[in-house]
Amino acid sequence: MDSTELATESQNRSPAVPRTLEEKRKIMNRLKRVEGQVRGIEKMVDDDRYCVDILIQLSAVHAALDKIGFSILERHTKSCVAKAIEEGHGEEQINELLKVVKQLK
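Each chain carries its own residue numbering, running from 1 in the direction its sequence is written. It should be noted that, the model being predicted, local features are given only for residues of pLDDT at least 70 and side-chain atom pairs only at 80 or more, the latter also being counted only at that level, while totals for whole chains, interfaces and linings use all residues. Computation of side-chain values covers all heavy atoms of the structure but excludes hydrogens and water.

As a further point, take the pattern of salt bridges. Salt bridge, as used here, is a side-chain nitrogen of Lys or Arg placed within 4 Å of a carboxyl oxygen of Asp or Glu. Taken as a whole, this structure holds 7 salt bridges when the rule is applied. The residue R13 makes a salt bridge to E96 at a minimum N-O spacing of 3.0 Å. Note that R13 is positioned in the loop between helix 1 (3–9) and helix 2 (21–46) and E96 in helix 4 (residues 90–104), a separation of 83 residues in sequence. Here E96 falls in the buried class, since its relative accessible area comes to 12%. Put simply, E22 and R25 hold a salt bridge, and the shortest N to O gap is 2.4 Å. Remark: R25 and E22 occur in helix 2; sequence separation between them is 3 residues, near one turn of the helix. Since its relative accessible area comes to 37%, E22 is described here as partly exposed. Comment: elements are numbered from the N terminus, with helices defined as DSSP H or I runs of at least four residues and strands as E runs of at least two. Partly exposed describes any residue whose relative accessible area lies between the buried limit of under 20% and the exposed limit of over 50%, with all areas from a 1.4 Å probe on protein chains only and scaled to the type maximum.

What follows is the structure in structure tokens.
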């Protein structure tokens, strides 16, 4: 199953434990920072900046996205997967999680 199929499969589902407003705020703030970094990289390319400087910024964006992904992965594991295990249908959630983890790297 590729990332498109996995995304389509889980598209209309909500987390088993809804995110708090604070969790949403933190994620959104991090994503907005990444968006600003990407715009900065676009400007660097447009300004014909030195390749290594651009690569360093790309690395920073990648690291920021990884950090966001890990925080969402951690929350999903501790809430959604844990709840599914408690309710007796954890195997499906664990398998879904493993498929996603394979795609992260």
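Buried Ala, Val, Leu, Ile, Met, Phe, Trp, Tyr and Cys residues that are joined via side-chain atoms within 4.5 Å together make up what is termed a nonpolar core. Core analysis: the biggest nonpolar cluster contains 7 residues, these being I27, V34, I41, M44, I54, V61 and I68. Elements represented by at least two residues in this core include exactly helix 2 and helix 3 (51–86). Per element, the largest residue contribution to this core is 4 residues, and it comes from helix 2. Once residues within four sequence positions are removed from consideration, I68 is found in contact with I27, R30, L31 and V34. Pairs of residues are marked as contacts when any of their non-hydrogen atoms sit within 4.5 Å.

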